[in-house]
Amino acid sequence: MQNYKLVKRGNPAKKDAPKKWYAIPVSYEAQNVKTMTRAATENTTTAPFELESALELLGNYAKQQLLQGHIVRIGSLGTLRITFKSEGVDDINQFNAGQMIKEARVLFTPSKELRESVVKGLQYQNGGVLEDGISYTSLSDYKRAKGSATGGGGTVTPPSGGGDENENPLG
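Rules behind the numbers
- Residues numbered from 1 in each chain as written.
- Predicted model: local features only at pLDDT ≥ 70, side-chain atom pairs only at ≥ 80, totals over all residues.
- Heavy atoms only, no water.
- Salt bridge = Lys/Arg side-chain N within 4 Å of Asp/Glu carboxyl O.
- Helix = DSSP H or I, 4+ residues; strand = E, 2+ residues; numbered from the N terminus.
- Buried < 20%, exposed > 50% of the residue type's maximum accessible area, 1.4 Å probe, protein only.
- Pairing = 2+ DSSP bridges.
- Axes fitted to C-alpha atoms, helices over the stretch in contact; angles between N-to-C directions.
- Polar contact = N/O pair within 3.5 Å; in protein donor to acceptor, adjacent residues only side chain to side chain.
- Contact = heavy atoms within 4.5 Å.
- Phe/Tyr/Trp six-rings, centres within 6.5 Å; stacked < 30°, edge-to-face > 60°.
- Left-handed = near helix turned anticlockwise from the far one by under 90°.
- Nonpolar A, V, L, I, M, F, W, Y, C, P; charged D, E, K, R; others polar.

Trainee: Explanation requested: the pattern of salt bridges in the structure shown.
Mentor: Any two side chains of opposite charge can pair, given that their charged atoms come close. Tallied over the full model, the rule gives 5 salt bridges. Between E52 and K34 there is a salt bridge, with the nearest N and O atoms lying 3.7 Å from each other. Taken as a pair, E52 in helix 2 (residues 48–67) and K34 in helix 1 (residues 33–41) lie far apart in primary sequence, 18 residues in all. For E52, a relative accessible area of 28% translates into the label partly exposed. Look at K34 and you get partly exposed, because its relative accessible area is 47%. Where K102 meets E87, a salt bridge forms, and the shortest distance between an N and an O atom there is 3.5 Å. With K102 in strand 5 (residues 101–110) and E87 in the loop between strand 4 (78–86) and helix 3 (97–100), the pair connects residues that are 15 residues apart, well separated along the chain. Of the residues examined, K102 reaches a relative accessible area of 38% and is grouped as partly exposed. Among the residues examined, E87 registers a relative accessible area of 40% and is labelled partly exposed.

Here it is, written out as structure tokens:
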């Protein structure tokens, strides 16, 4: 179940337009490695420490390959690659990589299969409202605090089609 909070934001592409309510995902802290490996290996013949060791080896290998400029395929999960931004120059002789390449990062791109299976399985549940720095635990709490009628906030399965003009322009 993917929880979301409602947040009122302006559209950066339409600065004069009135603010609208948008859903933002609520993310929780990741499990530690021991908990994750125990859960992932439950009902298998793989021991949790074997998976933990394999993850450590994969991390070391991925780092080595990324530093050599390779894209790293992580089984059926997807790929890792390096990406960055760069300033431009008019004269090629003036380019200085150390000063002009900025914001280097490692980008994970999920495989088509992973992305589709996760997106198809998503169900949404209201996890509250965030307004003016105040986090309300539910839509009902927000409405009560504002003197409105209560209600709303159930589980919703997303539509299968595309978006519309009211979609969150911020992602």
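Trainee: Even after reading the chapter, I still don't get the sheet that holds strand 3 (residues 72–74), so can you show me in this structure?
Mentor: Overall, antiparallel pairing links the 3 strands, which are arranged 3-4-5 in an open sheet. One side of each edge strand has no neighbouring strand; the edge strands of this open sheet are strand 3 and strand 5. Ignoring strand direction, the axes of neighbouring strands in this sheet form an average angle of 30°. Where strand 4 lies against strand 5, 8 bridges are found, and the strand directions are antiparallel. Across the sheet, residue K85 finds its bridge partner in strand 5, namely K102.

Trainee: Please explain the side chain of E131 as it appears in this structure.
Mentor: Along the polypeptide, E131 turns up in strand 6 (residues 124–131). Separated by 3.2 Å, the side chains of E131 and Y142 make a polar contact. Setting aside anything within four residues of it in sequence, one finds E131 in contact with W21, Y142 and K146.

Trainee: Would you mind showing me how to read the packing of aromatic side chains here?
Mentor: Ring pairs (aromatic) are described by centroid distance and by the angle formed between their planes. Scanning the entire structure with this criterion turns up 2 aromatic pairs. Look at W21 and Y142: their rings are 5.6 Å apart centre to centre, the planes differ by 70°, and that puts the pair in the edge-to-face class. Taken together, the residues span a long stretch of sequence, with W21 in strand 2 (residues 20–25) and Y142 in helix 5 (residues 139–146) at a distance of 121 residues. When its relative accessible area of 35% is taken as the criterion, W21 is described as partly exposed.

Trainee: Even after reading the chapter, I still don't get the packing of helix 1 against helix 2, so can you show me in this structure?
Mentor: Between two packed helices, what matters for the description is the angle formed by their axes and the separation of those axes. Orientation of helix 1 relative to helix 2, taken along the N-to-C sense of each, is 120°, at an axis distance of 8 Å. Crossing of helix 1 over helix 2 shows right-handed handedness. Between helix 1 and helix 2, the residues in contact are V33, K34, M36, T37, R38, A40 and T41 and P48, L51, E52 and L55, respectively. Within the contact of helix 1 with helix 2, the residues separate by chemical class into 6 nonpolar, 2 polar and 3 charged.

Trainee: Would you explain the pairing of strand 6 in this entry?
Mentor: As judged from the 5 bridges shared by strand 1 (residues 2–9) and strand 6, these two strands associate in the parallel manner. The residue bridging V7 from the neighbouring strand is L130, located in strand 6. The loop that links strand 6 with its antiparallel partner strand 7 (residues 134–136) comprises 2 residues; one of these, D132, has a positive phi angle of about 50°.

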